[in-house]
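What follows is the residue order along each chain.
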Amino acid sequence: MATGRTHRPATRSRGIPEATVARLPLYLRALTALSERSVPTVSSEELAAAAGVNSAKLRKDFSYLGSYGTRGVGYDVEYLVYQISRELGLTQDWPVVIVGIGNLGAALANYGGFASRGFRVAALIDADPAMAGKPVAGIAVQHTDELEHIIESNGVSIGVIATPAGAAQQVCERLVAAGVTSILNFAPTVLTVPDGVDVRKVDLSIELQILAFHEQRKAGEEASESGAPADRAAALAAEAEAAVAGDRKGPDGDLPAVMPA
């Protein structure tokens, strides 16, 4: 089976917009659910509703793939699963390393969705010598001293950073120097990378703060309608911050113990 080092997805060379690329996993998730139920075809309206987008946008996105469906029939579910999987590069094996095996890193290592979506956790890496050799999700944790050798020997091009913020940039630089060209960053900091390296950031505190904003706005609207005080909104915002900065700790410091969506 091919590895992440021998082939890159064709999305950029084919001129598919980044906004469309970002929606392809949503379509694939909805289509996979339909496939598991043995649904043979689906209309653009039904698939758009399942993916949470409007049907016009879905049809436009699929036009970039050269898939237009059949009038009165819809889209062939199995063919679309294959087509989108191919565009996303999921018809091959992508070895991934996770650096930082605290609560969050361990949760990511135990996430069963990686293998079913074309990703293989090749190694777990941590800076704590006491973690070396300990099994997490059936994989022995290795020390960061071995990082470059691990990346080279496994042909890794995707790295996941789940370290504290203070260590993330240094880890990022080592990953890039060793040949990693795509990084998923869970550390609460902005990474600086050279051209040619893609970074996707997952910041749980920001997502909670956005939800707190919406809760505050709703509470304010309710208060203006009923004359009740809006103190509850401020409390919700404070609780959201506290949830992220809570004292759940792993070997790598303060990391929320969550599973990815």
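For clarity, every value in this text was computed on a predicted model and none was experimentally measured. (Residues numbered from 1 in each chain as written. Predicted model: local features only at pLDDT ≥ 70, side-chain atom pairs only at ≥ 80, totals over all residues. Heavy atoms only, no water.)

(A) Representation of the packing of helix H2 (residues 44–51) against helix H3 (residues 55–64) in the model. Across the interface, H2 lies against H3 with an axial gap of 8 Å and an inter-helix angle of 100°. The angle between H2 and H3 places the two elements in the roughly perpendicular class. Within the contact between the two elements, H2 uses Ser 44, Glu 45, Leu 47 and Ala 48 and H3 uses Ser 55, Leu 58, Arg 59 and Phe 62. Of the residues in the contact of H2 with H3, the class split is four nonpolar, two polar and two charged. (Axes fitted to C-alpha atoms, helices over the stretch in contact; angles between N-to-C directions. Helix = DSSP H or I, 4+ residues; strand = E, 2+ residues; numbered from the N terminus. Parallel < 35°, antiparallel > 145°, perpendicular 65-115°, else oblique. Contact = heavy atoms within 4.5 Å. Nonpolar A, V, L, I, M, F, W, Y, C, P; charged D, E, K, R; others polar.)

(B) Layout of the pattern of salt bridges. Per the counting criterion, the structure on display carries six salt bridges. The partner of Asp 93 in a salt bridge is Arg 120, with the nearest N and O atoms 3.0 Å apart. Of this pair, Asp 93 sits in the loop between helix H4 (77–87) and strand S3 (94–99) while Arg 120 sits in strand S4 (residues 119–126), and the two are 27 residues apart along the sequence. One salt bridge connects Glu 215 with Lys 218, and the closest N-O pair in it is separated by 2.9 Å. Separated by three residues within a single helix, Glu 215 and Lys 218 lie in helix H9 (residues 204–226), roughly one turn from each other. Classification of Glu 215 by relative accessible area gives partly exposed; the value is 26%. (Salt bridge = Lys/Arg side-chain N within 4 Å of Asp/Glu carboxyl O. Buried < 20%, exposed > 50% of the residue type's maximum accessible area, 1.4 Å probe, protein only.)

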